[in-house]
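Each chain, letter by letter, is given below.
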Amino acid sequence: MNLYPVYPLFDVEIARGKGCHVYDTTGQEYLDLYGGHAVISIGHCHPHYVEALTKQLNLLGFYSNSVENSLQVQLAERLGRASGYDDYQLFLINSGAEANENALKLASFHTGRSRILAAGHAFHGRTSLAVEATDNPRIVAPVNAGGHVTFLPLNDLDAFRAELEKGDVAAVILECIQGVGGIRMATAEFAQGLSRLCQAHGTVLIADEIQCGYGRSGRFFAHQHLGIRPDIITCAKGIANGFPMGAVLIAPHFQATPGQLGTTFGGNHLACAAALAVLDVIEDEHLIDNAAETGAYLIERLRSLQAAHPCITEIRGRGLMVGIDFDGPIKAMRTRLVKEQHVFTGAASTNILRLLPPLCLTRAEVDEFIERISAVL
Ligand SMILES: *Cc1c(COP(=O)(O)O)cnc(C)c1O
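Residues numbered from 1 in each chain as written. Predicted model: local features only at pLDDT ≥ 70, side-chain atom pairs only at ≥ 80, totals over all residues. Heavy atoms only, no water.

Enquirer: Tell me about the sheet that holds strand S12 (residues 246–250), residues and numbers included.
Expert: Sheets are built from strands paired through backbone hydrogen bonds, the pairs being either parallel or antiparallel. In space, the seven strands of this open sheet follow the order S4-S12-S11-S10-S7-S5-S6, with mixed pairing throughout. Each edge of the open sheet carries a strand with a single partner, namely strand S4 (89–93) and strand S6 (149–152). Adjacent strand axes in the sheet meet at a mean angle of 20 degrees when their direction is disregarded. When strand S5 (residues 115–119) meets strand S7 (residues 169–174), the two strands line up parallel, connected through four bridges. Each bridged residue has a counterpart across the sheet, and for Ala-118 the counterpart in S7 is Ile-173. Its contacts with the sheet put helix H6 (residues 157–164) on S5, S6 and S7, and the angle it makes with S5 is roughly 180 degrees. (Pairing = 2+ DSSP bridges. Helix = DSSP H or I, 4+ residues; strand = E, 2+ residues; numbered from the N terminus. Axes fitted to C-alpha atoms, helices over the stretch in contact; angles between N-to-C directions. Contact = heavy atoms within 4.5 Å.)

Enquirer: Tell me what's going on with H6, and back it up with residues and numbers.
Expert: By the burial criterion, the buried members of H6 are Leu-157, Ala-159, Phe-160, Glu-163 and Leu-164. Relative to the axis of H6, the buried residues are bounded by an arc of 160 degrees and lie together on one face. The inward-facing, buried residues of H6 abut S5, S6, S7 and helix H7 (188–200). (Buried < 20%, exposed > 50% of the residue type's maximum accessible area, 1.4 Å probe, protein only. Arc of directions from axis to C-beta.)

Enquirer: Break down the pattern of salt bridges for me, citing the residues and quoting the values.
Expert: This model, assessed by the stated rule, comprises 13 salt bridges. With a closest N to O distance of 3.3 Å, Arg-78 and Glu-283 form a salt bridge. Note that Arg-78 is positioned in helix H3 (residues 70–83) and Glu-283 in helix H8 (residues 269–284), a separation of 205 residues in sequence. Relative accessible area serves as the criterion here: at 16%, Arg-78 is assigned to the buried category. (Salt bridge = Lys/Arg side-chain N within 4 Å of Asp/Glu carboxyl O.)

This is the structure in structure tokens:
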């Protein structure tokens, strides 16, 4: 049997990892400025994480959600404290798309409505509603084109107001820093205006923090830079450092109906142990402060690089979520970065380099990256 060839792979196989570095099967070291797509929050193979997962696996790997699970309760408490959302309610699932799928469904149950607003360039995942709310027709199958979603330009408050005033919108879903869309940021003015409009019209505001959240922006959640309090917040990617997990944080005014949502694997013992270990390390090693400080240093170094290289047209970002616009396609450059300079980076569209390193990135590693990218420019 062959693999279904949907991934454009680099022809290297990564066999080991440590901190912000990974190693291929020949032992070659690579600097990881991609974090396995923003998933590796605390670094590869952190000893505390490895120990916590090993310990849990020896106790109990899985039992279903038909019985109590105190690890879920612990995670809810810890996540509430770490994020400043103590009064929210936690529903655990397995991935980002599923988190958004459940958030959108919940908004529809709650409001009795079926329309959704999303921003241009948005990416919310690949399940039915999540993909319908993703602004990329190439990945929306005819069966997903249900006509529920209207896309409006990010930061165009008047456009959102005109739709919200119709009174039939269940949810607005928003990445406060768009990831796949190319590190485009919602402004505070827009986010606050949108939040007020949602409240006035009985619409649920969902912050998709799957990529920009969990410390990456230099605050626990990216929307916390903008002074809003969403009704629902979705997390995944960095939440368990690679163990599949998604989370939906639900405001206190939502009242659960037993059985309305559910999952087989979501919130299992191993996933919870992984997520708890991630929070331990984020707190013990002050990784959110590090994301803010090292991220600012990275952006500063990139701006000097831009001064010397006019092919760089813009640098955007917050914390360790950084986009570098180039004046042409970057595919060949990314390949050279892997093959010649041994650096992994991400991309957005054809001309934006996207950096999503582990939150433990050091200044020395930033310097190392600047040196290596200079060599290919
Ligand atoms: C990755 C991502 C998703 C989808 O997460 P999966 O775990 O791949 O389903 C949704 N929203 C955003 C902003 C993402 O970056």
